[in-house]
Amino acid sequence: MRILIRFGAMIRKKGEDLTLDAVTSARLAWKKAEAEFHAAIVHAFETKPVHGRKAEIAGAAGFSDSRVRQILNEAAKAEQDKGQAA
């Protein structure tokens, strides 16, 4: 079975270059971890949505308040879109 992976304009077979396979694998793991991290931020805010909570979360996450606000807004929009699709 051939598996092709696309990198920009270049298409190659998986296993052809192990170092690029490692980079691809790490990127996929990072994207999954990032999604879990964002979910934890949303959960922390939903658990205790009080004044100043975004600043507390931002400090714990190492993000700015505006980045935490952006993550929460993206999650709210995704939830709204999910509700409209159902």
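Residues numbered from 1 in each chain as written. Predicted model: local features only at pLDDT ≥ 70, side-chain atom pairs only at ≥ 80, totals over all residues. Heavy atoms only, no water.

Student: It is not clear to me how the pattern of salt bridges should be interpreted in this structure. Could you clarify?
Tutor: By the definition in use, this model includes four salt bridges. A salt bridge links K32 to E36; the shortest N-O distance between them is 3.8 Å. Linking K32 with E36, this pair stays in helix α1 (residues 18-47), spanning four residues, or about one helical turn. On the accessibility criterion, K32 (57% relative accessible area) is exposed. D81 is the partner of K77 in a salt bridge, and the nearest nitrogen-oxygen pair spans 3.1 Å. With K77 and D81 both in helix α3 (residues 65-85) and four residues apart, this pair spans about one turn of that helix. Residue classification places D81 among the partly exposed positions, given a relative accessible area of 35%. (Salt bridge = Lys/Arg side-chain N within 4 Å of Asp/Glu carboxyl O. Helix = DSSP H or I, 4+ residues; strand = E, 2+ residues; numbered from the N terminus. Buried < 20%, exposed > 50% of the residue type's maximum accessible area, 1.4 Å probe, protein only.)

Student: I keep staring at the packing of helix α2 (residues 53-61) against α3 and nothing clicks. Help me out?
Tutor: At their nearest, the axes of α2 and α3 sit 8 Å apart, and the two run at 105 degrees to each other. Between α2 and α3, the interaxial angle falls into the category roughly perpendicular. Residues K54, A55, I57 and A58 of α2 form the contact with α3, whose participating residues are D65, V68, R69 and L72. Taken together, the residues of the contact of α2 with α3 sort by class into five nonpolar, no polar and three charged. (Axes fitted to C-alpha atoms, helices over the stretch in contact; angles between N-to-C directions. Parallel < 35°, antiparallel > 145°, perpendicular 65-115°, else oblique. Contact = heavy atoms within 4.5 Å. Nonpolar A, V, L, I, M, F, W, Y, C, P; charged D, E, K, R; others polar.)

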